[in-house]
Each structure stands twice: as C-alpha cells, then as structure tokens.
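Below, each chain spelled out in residue letters.
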Amino acid sequence: MNSEDTAQNEGPTAYPSAAPLEFRSVGKRYPGADRPAIEDLSFAVPAGEICVLVGPSGCGKTTAMRLVNRMIDMTSGEILLDGKSITTRKGSDLRREIGYVIQQIGLFPHLTIAQNVATVPKLLGWDKHRTERRVAELMELIGLDPDLGARYPGQLSGGQRQRVGVARALAADPPLMLMDEPFGAIDPINRARLQNEFLRLQSQIRKTIVFVTHDIDEAIKMGDRIAILREGGHLAQFATPDELLAAPADDFVAKFVGADRGLKRLTLSRLADVELADANVAHIGTPAEEARRIAQQHGANELVVLDSAEQPIGRLPIERLNGLPVAAEDAEPLAAIAGRDTSLHDALSLVVADRNRPLVVVEADGRLAGLVSLELISNSLRPPE
Ligand SMILES: Nc1ncnc2c1ncn2[C@@H]1O[C@H](COP(=O)(O)OP(=O)(O)OP(=O)(O)O)[C@@H](O)[C@H]1O
Ligand SMILES: [Mg+2]
C-alpha cells in the first residue's frame, strides 16, 4: 500500500460503505401544527437496497427524509442507521456522512461543477490531491465529460445537473443516500435514461438508498422495496414491487398502483425469467415429408424455419409445403423477434400485434431460444411465492 492510500485528514469511518436503516414508530409534529405530519411510521431497509417512499403530495415523504439526517428532529420514536440511533450523532456530522439529493438538485450556482462535487470532501478536510482524484473518479462513474468540471451549473442541461447532484451526494462514499424526487423535473425521455443509468450505477456501488417519488411507475422501476404512504405518514403497504402489484393491501393502494397493475407487473419480468415453449423447427433444405411429419407429431400447423446457423428466418405454415425441400422463400418473414432481455410487457405487446401468434425468442447470438405465447405470459401472472 503506498502512503497516499493511507489517507491523512480522514476522520474515523463511522459506518460501512452501505448501512441498514430502520424507522421505529417515528412521529413528527411540526410546531403549531394541529396534526402530526408523520405518526407512528415503522419500516426497515436492508443495507444496499433501494427503498422508495411514494404517496400523494403532503403525505410526509420529504419530512421522513429530513428526519434521517436531522435537518429536522423527530418528536417520537427512533431511527437507527447501522443499528445505532441517529440521536447519538450530531446533525452536522450526519449531514456530511449521508448523501442527499434534494428535490430541485440544489447545486451551488457560484461554484464550478468540480467544486460542487467536492463539497463534502472539503468539509471533511480531505487534501487537494485526494479530493481531485475523487472528483475525477465520480465524473467518470456518472458518465460526465471531465471537461465539464470547470463549468458552472447554469451552463449544464437539466439531466447533466442531475448527474452532478448524484455525484456530489456520493462524494464521501456515504453509507446511505437520500434522494428526494431526484428526476422529478426532467422530461420523460431523459428521465428514463437517468433512471437506467442510476440503476446501473447502483448495481456497482450498492448503497442503501431512500428514494422519494410521487410517480408509482418510477417507484416500481427503481425500488427493491416500496413504502406507500398516505396522509399523516401512515404506511399503507411496505412490499416488493411485485407483491404490491400482485396483492395491494387495500383500496387506497389498489387505486394508487392503478387498474393496469397486471400489465405493470409484466414490466418486472423478462423473457429470461420464464420457461419458453419449444418451437417446432425445420431447417432450410429439410425434405417436405420430414417437415410435415415434425409438425404433425406435435399437432402444429406451422414451423419455424432456421438457417444453417440455427437462426430463425421465418414461419412456414404447413399448407405451404409443396413437396420440395424447405426453402427460405417459402417462409413468411417474422413480424418481430424478441431477446431474453425483452420484458413480458413488451413481449405481450408484440404477440398481440401479431394476431396472438407465439413470439420467436432468440439468444444473444441470434440462435433460436424458443417461443412465448399469450398463455405463457398470462400464466406468469400467478401470485408471487
Ligand atoms: N416546516 C414545516 N412546518 C409545518 N408544516 C410542514 C413543514 N414542512 C412540511 N409541513 C407539512 O407536513 C406535511 C408533510 O409535508 P412533506 O413536505 O413531508 O410532504 P411530501 O410528501 O414531501 O409532499 P410533496 O410530494 O408535495 O413533496 C404537509 O402537510 C406539510 O404541509
Ligand atoms: Mg416532498
């Protein structure tokens, strides 16, 4: 180990790089308010998971986040970070240790991007070299051109600013990240891109994350677990996205997740997760007799035609077999081909668009993997184990 790695100016590390978080009967009443903003809220987030808080405006999502880093103090209950009550730590220490991405990003407009990202390392007294290295590493991690480091926030797009907000929150390798509607102000296309990037990033960094949104689709996409809150910070349901969609706890949750919850559930599974049906196949050059026999054996009225590389090139209805060996020109081109990473939702859409005919699925190398039918998709909607 070289001497630079045994960093100076580094205080004792209070937490591991991802820590569990637990709310125990937490209550918060703002001074002068006649009702508590949060009353008796309990849930636990395992280390390294994304927990999404979702619910209508004013239900207490931002309040719950601010209690965690002691921007405001709870009036009852307990919050444990890594098993230790947050009240044993000073608010200013917690705010340095916990990454926070706020509703409107909140970059400092008079500081450059690099200086913004370096905010917490500077507060922690890191030396210049260590800080610069960390900033460069984070710019790369979030996919921002290092040249942007010298710009000011006003000279970036909304999506770029958002990435900088995430980088800044990650700077000191926090055990926990609080993200309050981080993608709320971004257009739908860039929003989807940021969500995907963030999920990819999370698969590397595995932080514990509390993520607030009022968009149920975002919650389903981002959350390992979802806490649905109703007014007064009451927990309506705490469950995985699949459980929530398969079995909403009550009418409030059922309305909140939407009448199309079955279809939404299909977005959570990919063709890689289901057992595909075997296709009845014929290769180019297979004698007509043999092709007919294969179809008859399985009661099929069509075959999938494969080329010599086992890649599907079309469908062949058996009435098209004309006594000559199977030829590419006899096959009807496929309306669509799906990969293993296609979601069941998209697969359903492709099946329906092709008059409910089973969809051909291929492996990454283009070879036939199997078929997915309407029936197979609807069977996958059985209740979760
Ligand atoms: N500083 C404050 N003083 C008094 N009441 C407050 C304060 N901040 C929030 N509240 C009230 O507490 C409740 C919860 O507010 P909070 O900001 O946590 O809601 P939210 O779920 O984040 O809403 P949104 O989705 O609109 O951001 C609301 O009724 C709000 O009016
Ligand atoms: Mg809020």
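Scroll up to find the structure.
To start, this report covers the structure provided alongside it. (Residues numbered from 1 in each chain as written. Chains lettered and ligands numbered in written order. Predicted model: local features only at pLDDT ≥ 70, side-chain atom pairs only at ≥ 80, totals over all residues. Heavy atoms only, no water.)

A short note on the state of the cysteines
Okay, so step 1: Scanning the model with the defined rule gives zero disulfides in all.
Okay, so step 2: Between Cys51, a free cysteine, and Cys59, which holds the nearest cysteine sulfur, the sulfur-to-sulfur gap is 13 Å.
Okay, so step 3: For Cys59, a relative accessible area of 1% gives the class buried. (Disulfide = S-S within 2.5 Å. Buried < 20%, exposed > 50% of the residue type's maximum accessible area, 1.4 Å probe, protein only.)

Brief notes about the pairing of strand β16 (residues 368–372)
Okay, so step 1: Counting buried residues along β16, four of its five residues qualify, which places the element largely inside the surrounding structure.
Okay, so step 2: Joining the antiparallel neighbours strand β15 (residues 359–362) and β16 is a turn of five residues, in which Gly366 adopts a positive phi near 90 degrees. (Helix = DSSP H or I, 4+ residues; strand = E, 2+ residues; numbered from the N terminus. Pairing = 2+ DSSP bridges.)

Things to note about empty space enclosed by the protein
Okay, so step 1: Tallied over the entire structure, the rule returns two cavities of 30 Å³ or more.
Okay, so step 2: Here the largest cavity defines a volume of roughly 40 Å³.
Okay, so step 3: Considering the residues around the largest cavity, the lining is formed by Arg315, Leu334, Ala335, Ala336, Leu350, Asp354, Pro358, Leu359 and Val360.
Okay, so step 4: Counted by class, the lining of the largest cavity contains seven nonpolar, no polar and two charged residues. (1 Å grid on protein atoms, 1.4 Å probe; cavity = no way out; pocket = protein on both sides within 12 Å on 5 of 7 lines; lining within 4 Å. Points joined across faces, edges and corners; volume = space filled by probe spheres on them. Nonpolar A, V, L, I, M, F, W, Y, C, P; charged D, E, K, R; others polar.)

Examining the site of ligand 1
Okay, so step 1: Around ligand 1, a shell composed of 11 residues is seen, among which Ser57, Gly58, Lys61, Thr62 and Thr63 lie nearest.
Okay, so step 2: Here an oxygen atom of ligand 1 sits 2.8 Å away from a polar atom, N or O, in the side chain of Thr62.
Okay, so step 3: Here an oxygen atom of ligand 1 and a side-chain polar atom of Thr63 are 2.5 Å apart.
Okay, so step 4: Here ligand 1 loses 58% of its free accessible area of 640 Å² to cover by the protein chains.
Okay, so step 5: In terms of residue class, the shell around ligand 1 is built from three nonpolar, six polar and two charged. (Near = heavy atom within 4 Å. Polar contact = N/O pair within 3.5 Å; in protein donor to acceptor, adjacent residues only side chain to side chain. Areas by Shrake-Rupley, 256 points an atom, 1.4 Å probe, with all protein chains shown as cover.)

Concerning the packing of aromatic side chains
To describe a pair of aromatic rings, one takes the distance between the centres and the angle between the planes.
Okay, so step 1: In this structure the tally under the stated criterion is five aromatic pairs.
Okay, so step 2: Arranged with centres 5.6 Å apart and planes meeting at 40 degrees, the rings of Phe43 and Phe238 form a pair that is tilted. Highlighted residues: Phe43 in strand β2 (residues 38–45) and Phe238 in strand β10 (residues 234–239), separated in sequence by 195 residues.
Okay, so step 3: An aromatic cluster is defined as three or more aromatic residues linked by ring pairs; in this entry it consists of Phe23, Phe43 and Phe238.
Okay, so step 4: A cation over a ring is seen here: Arg168 above Phe108, with NZ or CZ 5.1 Å from the ring centre.
Okay, so step 5: It is Arg230 that lies over the ring of Phe252; its NZ or CZ is 4.5 Å from the centre. (Phe/Tyr/Trp six-rings, centres within 6.5 Å; stacked < 30°, edge-to-face > 60°. Lys NZ or Arg CZ within 6 Å of the ring centre and 35° of its normal.)

Side note on helix α1 (residues 61–68)
Okay, so step 1: Burial runs high along α1: six of the eight residues are buried.
Okay, so step 2: Listed in full, the buried residues belonging to α1 are Lys61, Thr63, Ala64, Met65, Leu67 and Val68.

A closer look at the nonpolar core
Okay, so step 1: In this structure, Phe198 and Ile228 are the most contacted members of the largest nonpolar core, which totals 43 residues.
Okay, so step 2: Looking at which element gives the most residues to this core, the answer is helix α6 (residues 158–170), with five residues.
Okay, so step 3: Counting residues in each nonpolar core, the second largest holds 30 residues, with Tyr15, Leu53, Ile86 and Ile98 among its members. (Core = buried A, V, L, I, M, F, W, Y, C linked by side-chain atoms within 4.5 Å.)

Description of the pattern of salt bridges
Okay, so step 1: The full count for this structure, using the stated rule, is 27 salt bridges.
Okay, so step 2: Residue Arg265 pairs with Asp242 through a salt bridge whose shortest N-O separation is 2.7 Å. Of this pair, Arg265 sits in helix α11 (residues 261–266) while Asp242 sits in helix α9 (residues 241–246); the two residues are 23 residues apart in sequence, bridging distant segments of the chain.
Okay, so step 3: What makes Arg265 buried here is its relative accessible area of 8%.
Okay, so step 4: Using a relative accessible area of 23% as the deciding quantity, one classes Asp242 as partly exposed.
Okay, so step 5: Asp354 is paired through a salt bridge with Arg315; the nearest N and O atoms lie 3.1 Å apart. One end of the pair, Asp354, is in the loop between α13 (344–353) and β15; the other, Arg315, is in strand β13 (residues 312–317), with 39 residues separating them in the sequence. (Salt bridge = Lys/Arg side-chain N within 4 Å of Asp/Glu carboxyl O.)

Some words on the sheet that holds β2
Okay, so step 1: The strand order across the open sheet built from four strands is β2-β1-β4-β5, with neighbouring strands paired in antiparallel fashion. If you trace the sheet from one side to the other, it starts and ends with β2 and β5 (84–85), each paired once.
Okay, so step 2: Across five bridges, the pairing between strand β1 (residues 21–28) and strand β4 (residues 76–81) is antiparallel. Bridge assignment links Glu22 to a residue of β4, and that residue is Leu80.
Okay, so step 3: Relative to the sheet, α1 contacts β1, β2 and β4, its axis offset from that of β1 by approximately 115 degrees. (Contact = heavy atoms within 4.5 Å. Axes fitted to C-alpha atoms, helices over the stretch in contact; angles between N-to-C directions.)

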